[in-house]
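Examining the three-dimensional arrangement
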Amino acid sequence: MDKPSEQLDTLLRETRLFPPAAEFTRQANFSDPSVYDRAAADPEAYWAEQAHFLDWMQPFSQVLDWQPPHARWFHDGRLNAASNCVDRHRTTVRKNKAAIIWEGEPGDTRVLTYEMLGREVDRAAHMLHDMGVRRGDRVVIYLPMIPELPIAMLACAKIGAIHTVVFAGFSSNALRDRIIDAQAKLLITADAGHRRGTLVPLKQNADAAVVDTPIESVLVVNRVGALSAITMVPGRDWAWEERMRAASYAPFAAEAMEAEDVLYILYTSGTTGKPKGIVHSTGGYLVGANTSMRSVFDLKDEDVYFCTADIGWVTGHTYIVYGPLSAGATVVMYEGAPDFPDRERFWSLIEKYGCTIFYTAPTSIRTFMKWGPQYLKSHDLSSLRLLGTVGEPINPEAWMWYHEHVGARRCPIVDTWWQTETGCAMIASLPGLIATKPGSATRAVPGIAVDVVDEGGQSVAPGHGGYLVIRKPWPSMLRTIWRDDERFQKTYFGQFPGTYLPGDGAHLDEDQYIWILGRIDDVINVSGHRIGTMEVESALVDHPAVAEAAVIGRAHEVKGQAITAFVTVKEGIETGDELTVELKAHVVSLIGAMARPEEIHFTAELPKTRSAKIMRRLLRDIAEGRALGDTTTLADPTVIESLKVRYQDRE
Ligand code: WT7
C-alpha cells in the first residue's frame with residue numbers, strides 16, 4: 001500500500017471529537033445505541049425488520065440465501081420499486097406533498113407533488129409500454145438533471161424494465177459502449193442540456209452512439225427548445241412530449257417484481273479498460289437505500305433534502321431517487337453548475353427552499369473553500385440541520401470549513417463511505433449516536449460487517465492499516481457484473497473467498513474508527529468520480545501518434561486527484577503543445593470531459609520492470625515530488641532518473 005505517508009500522518013494527528021448534541025439525539029430516528037449490537041448479533045433479523053418499511057406485494061419468507069459470492073435477499077418476496085417510491089404515498093397525507101422541487105440552471109422551476117409525480121410516471125410507463133418496452137428489457141437514459149430523468153427511471157421500474165442511466169457528461173463513444181454492453185432497445189435523451197451557461201448537444205451525441213446498436217427507438221425530451229432544429233430520424237426518433245400526450249392517462253398496473261429481479265445496471269470504472277455494469281436488485285437495493293435514508297440521513301417528513309450529485313452516478317440513484325422517494329421525502333433537484341450564474345447558487349437554493357439536509361462532495365467543499373466564505377454570508381442557511389459528504393476521503397481542513405461555514409457549528413456531518421457496488425452508505429455515523437472525527441467516516445452502519453485486514457485476511461489491531469473488507473453479505477450489494485459473472489467473482493471475492501473486497505485501503509484507529517486512505521488499485525478518484533487509469537491509457541493509445549501511455553493520479557488540492565499522463569510517441573512524431581491539446585481532446589471524445597488529463601508529459605521511455613510491467617508507483621513519486629521508492633525491479637534504472645530530471649525542469 002504505497003500511499004503518501006504524509007496524508008496518514010496528518011489524519012492521525014487529528015484528535016478533535018464532535019459528540020452528537022443531546023437535542024439532536026432526542027429527535028433522531030436512530031437514538032438507541034443498542035441497535036449496533038442487535039444488528040451485529042443477528043443481521044438478518046435487523047434487515048428483515050428494516051424491510052418492513054417497504055410495501056411488499058407478496059411477503060418474503062426467507063431473508064437471506066447466501067451461496068458465496070452470490071446472495072439472494074428476500075427472494076420469494078415481490079414488490080415494485082416505483083410503487084414504493086411514488087404510489088404508496090399517493091394514498092396518504094403525502095399525496096399533495098412536494099416529492100421533487102426542481103430548479104433548472106436558467107432559473108426555471110417545477111414542483112411535482114407525489115400525486116403529480118405518480119401521474120407522470122404512470123403515463124411514461126404507458127408510453128414506454130406502447131413503444132414495446134417489457135419486463136427485463138434494457139432502457140438507456142442519457143438525460144440532464146431534469147424531472148424526466150427520475151420519471152423515466154421510475155417508469156422503467158414500474159414496468160419491470162431495467163434502466164441504465166449514462167451520465168450526460170459522457171461522450172457518444174462511452175454512451176455507445178454502454179448501449180452495446182447492456183443490449184438496450186430504447187434510448188431516452190434530450191435535445192440538449194444546460195451546463196454552466198452553455199448547451200451540451202445530447203441528441204447529437206446520441207445520434208452518433210446508436211448506429212449499429214440494438215437501439216430501435218429514441219425518445220427525445222425537448223429541454224432547451226431546440227427540438228425543431230434537430231434532425232429526427234423518422235420511425236426511430238420520437239418527441240417525448242408527443243408520445244406522452246398520446247399515451248393513456250389511466251393508472252399503470254405495477255409489475256410484481258421478484259425481490260431479486262434487476263432494478264438497474266450502472267456502469268463504473270475498474271482496473272481494465274472496460275467499464276463494469278454493476279447490477280442491482282429490486283428488493284435488497286431498495287431496503288438498503290430506504291434504511292440509510294432514515295438512519296444516516298435521519299430523514300423526517302418535514303425535511304427538505306438537497307443532494308448535489310448528478311443522477312448519472314450512484315449517489316443520485318440512491319440518494320436523489322430511490323432512497324428519499326421511498327421514504328416519502330421532499331427532494332430538491334438542481335440541474336446545473338454551482339457557479340452559475342454566480343458562486344452563490346447552492347446557498348440561494350438552500351435559502352429559497354429552506355433545505356434542512358445538504359449532501360455534497362469533498363471536492364465541492366474544497367472549491368467553496370477556495371472561493372471563500374463571502375459567498376455564503378448573505379444567505380440564510382439556518383434551516384440546515386444535517387450535512388453529508390461522499391465520494392472521497394475528506395481532509396480535516398475541509399471538514400472543519402463545512403462544519404463552520406455551512407453548518408454554523410450546529411449541524412452534524414455524516415461522512416458516508418460507499419461505492420456504486422455497495423448500493424448505499426456502509427461506513428457512516430448515525431448522527432444521533434456517533435461522535436464524529438473530522439476526516440473519518442467513523443464506523444460501519446448497523447448490519448454491515450466492515451473490517452480492516454492484512455494481506456492474509458487477518459483483522460489488523462487498532463492503530464494499524466490494511467485492506468478494507470466487508471465480511472458478510474448485505475441487502476443492497478451488487479449481485480453481479482452484467483454479462484460477466486466471472487469478473488464479478490474475481491474482482492470482489494477473488495482475494496479473500498466469501499469476503500467482499502472494495503479496493504480501498506483503510507486505517508483503524510485506537511477507538512476502532514475507520515480512516516479511508518483511498519484506492520489501492522489502478523483506479524483514481526477525480527472530483528469524486530472514479531476513473532480507471534487503464535481506460536485513459538487505452539484512449540491515449542488509440543490516438544495514431546501514441547506508442548505507449550501510463551496514467552496516474554497525482555494529489556490535487558481541489559480535485560483530490562488529477563490525471564497525469566506519461567506518453568511515448570511513435571517514431572518521427574513531433575511532440576509539443578499542439579499534440580498535447582490534441583491528445584486531451586481525444587480522451588474527452590472517447591470518454592468524456594471528466595477524464596481529460598490535467599498534464600501530459602512526453603517521454604522517450606516508460607519505467608518498466610524486467611517483465612515489462614509499467615511501474616506507475618514510480619511515476620506517482622515523480623509527479624508528487626517524492627523521493628523515488630524501491631527501484632530495484634526496474635529493467636533500466638536510467639529511464640526513471642532522466643524522467644525525474646526532465647519532470648523537475650518541465651517549466
Ligand atoms: C469509491 C467509490 C459512493 C458514491 C460516490 C462514489 C471513494 C466514496 C468515500 C468517503 C472516502 C470514499 C472510495 C470508494 N469514496 N465515498 N466518504 N470517504 N472515500 O462512488 O464511483 O463507486 O466510487 O469512492 O475510494 O471505493 P464510486
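Quick caveat, the model's predicted, so the values are computed rather than measured.

Turning next to the sheet that holds strand 20 (residues 413–416). Taking strand neighbours across the sheet as the criterion, the 7 strands line up as 5-4-17-16-18-19-20 in an open arrangement whose pairing is mixed. Two strands in the sheet have a free side with no partner beyond their single neighbour: strand 5 (109–113) and strand 20. Neighbour-to-neighbour, the strand axes of the sheet open up by a mean angle of 15 degrees, direction not taken into account. The sheet contact formed by strand 16 (residues 304–307) and strand 18 (residues 357–360) spans 3 bridges and is parallel. Bridge pairing in strand 18 links Cys307 to Tyr359. This element, helix 12 (residues 314–326), spans strand 4 (98–103), strand 16, strand 17 (330–334), strand 18 and strand 19 (386–390) of the sheet and lies at about 165 degrees to strand 16.

Most peptide bonds adopt trans geometry, and most residues besides glycine take a negative phi value. Here the bond from Pro68 into Pro69 is cis, since omega is 0 degrees, no more than 30 degrees from zero. Along the chain, Pro69 turns up in the loop between strand 1 (64–67) and strand 2 (70–73). Here Phe340 and Pro341 are connected by a cis peptide whose omega angle stands at -5 degrees. Of note, Pro341 is situated in the loop between strand 17 and helix 13 (345–353). In this model, Ala408 sits at a positive phi of 45 degrees, which is unusual for a non-glycine residue. For Ala408, the location among the structural elements is in the loop between helix 16 (396–406) and strand 20. A positive phi angle, near 60 degrees, is found at Arg409, a position not held by glycine. By the secondary structure assignment, Arg409 is in the loop between helix 16 and strand 20. Classification of Arg409 as exposed rests on a relative accessible area of 59%.

It is worth spelling out the packing of helix 7 (residues 148–159) against helix 12 at this point. As a packed pair, helix 7 and helix 12 sit with axes 11 Å apart at the nearest point and diverge in direction by 55 degrees. As far as their axial angle goes, helix 12 and helix 7 are oblique. Of the two possible hands of crossing, helix 7 and helix 12 adopt the one that is right-handed. Only His317, Val321, Tyr322 and Leu325 of helix 12 make contact with helix 7, whose side of the interface consists of Pro150, Met153, Leu154 and Ala157.

Our focus in this paragraph is the domain arrangement of the protein. Taken domain by domain, the protein consists of domain 1 (6–506) and domain 2 (522–650). Using C-alpha coordinates to define each centre, domain 1 is positioned 32 Å away from domain 2. Carbon and sulfur atoms supply 50% of the area buried between domain 1 and domain 2, which totals about 1,800 Å² over both sides. Of all residues in domain 1, the largest losses of buried area upon contact with domain 2 belong to Ser269, Thr271 and Trp313, amounting jointly to 25% of the total for that side. Inspection of the region where domain 1 meets domain 2 yields 1 salt bridge. Between Glu421 and Arg530 there is a salt bridge, with the nearest N and O atoms lying 2.7 Å from each other. For the pair domain 1 and domain 2, the interface holds 12 residue pairs in polar contact (both at pLDDT 80 or more).

Quick look at the layout of surface pockets now. Of the volumes computed, that of the second largest pocket is approximately 460 Å³. Lining the second largest pocket are 22 residues, with Arg443, Ala444, Ile448, Ala449 and Val450 positioned closest to its centre. Among the elements of the structure, helix 3 (34–41) and strand 21 (450–453) are those that each provide at least two residues to the lining of the second largest pocket. Looking at the lining of the second largest pocket residue by residue, the classes come out as 15 nonpolar, 2 polar and 5 charged.

With that out of the way, let us pick up the site of the ligand. Taken together, the neighbourhood of the ligand is formed by 17 residues, with Asp415, Thr416, Thr420, Asp504 and Arg530 sitting nearest. Here a nitrogen atom of the ligand sits 2.7 Å away from a polar atom, N or O, in the side chain of Asp415. Across the complex, the protein chains shield 96% of the 560 Å² of accessible surface that the ligand would expose by itself. Considering only residue class, the shell around the ligand consists of 6 nonpolar, 6 polar and 5 charged.

Turning our attention to the packing of aromatic side chains. Describing an aromatic ring pair means giving the distance of the ring centres and the angle of the ring planes. On inspection of all chains with the given rule, the structure shows 36 aromatic pairs. Ring centres of Phe18 and Trp399 lie 5.0 Å apart, and the angle between their planes is 40 degrees; this geometry places the pair in the tilted category. In this pair, Phe18 is assigned in the loop between helix 1 (5–12) and helix 2 (22–27) and Trp399 in helix 16, connecting sequence segments 381 residues apart. Given the relative accessible area of 22%, Phe18 is considered partly exposed. Judged by its relative accessible area of 1%, Trp399 is buried. Above the plane of the ring of Trp238 lies Arg243, whose end atom (NZ or CZ) is 4.7 Å from the centre. Here the guanidinium or amino end of Arg443 rests over the ring plane of Tyr36, the centre of that ring lying 3.9 Å away.

What follows is about helix 12. Counting buried positions along helix 12 gives 13 out of 13 residues, so the element sits mostly inside the fold. Where helix 12 terminates, the next one or two residues include Gly328, which has phi positive at roughly 75 degrees.

Attention now moves to the side chain of Asp415. Within the secondary structure, Asp415 is located in strand 20. No salt bridge is formed by the buried Asp415. Its closest oppositely charged neighbour is Arg366, at 10.0 Å. The contacts of Asp415, once residues within four sequence positions are left out, are Thr389, Ile394, Ile427, Ala428, Ser429, Gly439, Ser440 and Ala441.

So, on to the environment of Gly572. Residue position: Gly572 is located in the loop between strand 29 (560–569) and helix 19 (577–590). The spatial distance from the C-alpha of Gly572 to the C-alpha of Leu634 is 27 Å, given a sequence separation of 62 residues.

The next thing to look at is the pairing of strand 29. Across the 10 residues that make up strand 29, a large majority, 8, are buried. Pairing analysis gives 10 bridges linking strand 28 (residues 546–556) to strand 29, with the strands arranged antiparallel. Note that in strand 29 the partner of Ile552 across the bridge is Thr564. If you look at the hairpin formed by strand 28 and strand 29, you'll find 3 residues sitting between the two strands. Relative to strand 30 (residues 599–602), strand 29 runs parallel, the two being bridged by 4 bridges. Following the sheet pairing, Val567 is matched in strand 30 by Phe602. Remark: the strand 29/helix 19/strand 30 crossover connection has right-handed handedness.

Our next topic: empty space enclosed by the protein. Counted by the stated rule, this structure contains 4 cavities of 30 Å³ or more. Size it by volume and the largest cavity reaches roughly 100 Å³. Around the largest cavity sit 13 residues that line it, and Phe170, Ser269, Arg530, Ile531 and Glu535 are the ones nearest its centre. With 3 residues, strand 27 (residues 529–532) is the single largest residue contributor to the lining of the largest cavity. Looking at side-chain class alone, the lining of the largest cavity contains 7 nonpolar, 3 polar and 3 charged residues. Taken domain by domain, the lining of the largest cavity gets at least three of its residues from each of domain 1 (6–506) and domain 2 (522–650). Roughly 60 Å³ of volume is contained in the second largest cavity.

What counts, and where the lines are drawn
Numbering of residues starts from 1 in each chain and follows the order in which that chain's sequence is written. Residue-level local features of this predicted model are given only where pLDDT is at least 70; pairs of side-chain atoms are given and counted only at 80 or more, and the full residue set underlies all totals for whole chains, interfaces and linings. Values shown for side chains rest on all heavy atoms present in the structure; no hydrogens or waters enter the calculation. For two strands to pair, DSSP has to find at least two bridges joining them. Starting at the N terminus, helices and strands are each numbered in turn, a helix being any DSSP run of H or I of at least four residues and a strand any DSSP run of E of at least two. To obtain each axis, a line is fitted to C-alpha atoms, and for helices this fit is confined to the stretch in contact; angles are then taken between N-to-C directions over 0 to 180 degrees. Throughout, a residue-residue contact means that at least one pair of heavy atoms, one from each residue, lies within 4.5 Å. When accessible area is computed with a 1.4 Å probe and restricted to protein chains, residues below 20% of their type maximum are described as buried, those above 50% as exposed, and intermediate ones as partly exposed. Here the word oblique covers every angle except those under 35 degrees (roughly parallel), over 145 (roughly antiparallel) and from 65 to 115 (roughly perpendicular). Two helices that cross are described as forming a left-handed crossing if the nearer one is turned anticlockwise from the farther one by less than a right angle, and a right-handed crossing if clockwise. For each domain, the first and last residues come from an automatic or database assignment. Buried area is calculated as the accessible area (1.4 Å probe) missing from two parts once they are joined, with the contributions of both summed. Salt bridges are defined by distance alone: a side-chain nitrogen of Lys or Arg within 4 Å of a carboxyl oxygen of Asp or Glu. Counting of polar contacts relies on pairs of N or O atoms within 3.5 Å, with two restrictions inside protein: one atom must be capable of donating a hydrogen and the other of accepting it, and residues adjacent in sequence are counted only when both atoms are side-chain atoms. Points on a 1 Å grid over protein atoms alone make up a cavity when a 1.4 Å probe fits among them but cannot get out, and a pocket when they form an open set with protein on both sides within 12 Å along at least five of seven lines; lining residues each have an atom within 4 Å of a point. Grid points are joined across faces, edges and corners, and a volume is the space filled by probe spheres set on the points. Gly falls in the polar group here, along with every residue not listed as nonpolar (Ala, Val, Leu, Ile, Met, Phe, Trp, Tyr, Cys, Pro) or charged (Asp, Glu, Lys, Arg). Here a residue counts as near a molecule or strand whenever at least one of its heavy atoms sits within 4 Å of it. Only the protein chains shown count as covering a residue, and every accessible area follows the Shrake-Rupley method with a 1.4 Å probe. Aromatic pairing here means that ring centres of Phe, Tyr or Trp (its six-membered ring) are within 6.5 Å. Orientation follows from the plane angle: under 30 degrees is stacked, over 60 is edge-to-face, and everything else is tilted. Only when the NZ atom of a Lys or the CZ atom of an Arg is both within 6 Å of the ring centre and within 35 degrees of the ring normal do we say a charge sits over the ring. Only four residue types enter the tally: Lys and Arg on the positive side, Asp and Glu on the negative side, with His and both chain ends excluded. With its strands directed away from the observer, a crossover is right-handed exactly when the path from the first strand over the helix to the second travels clockwise.

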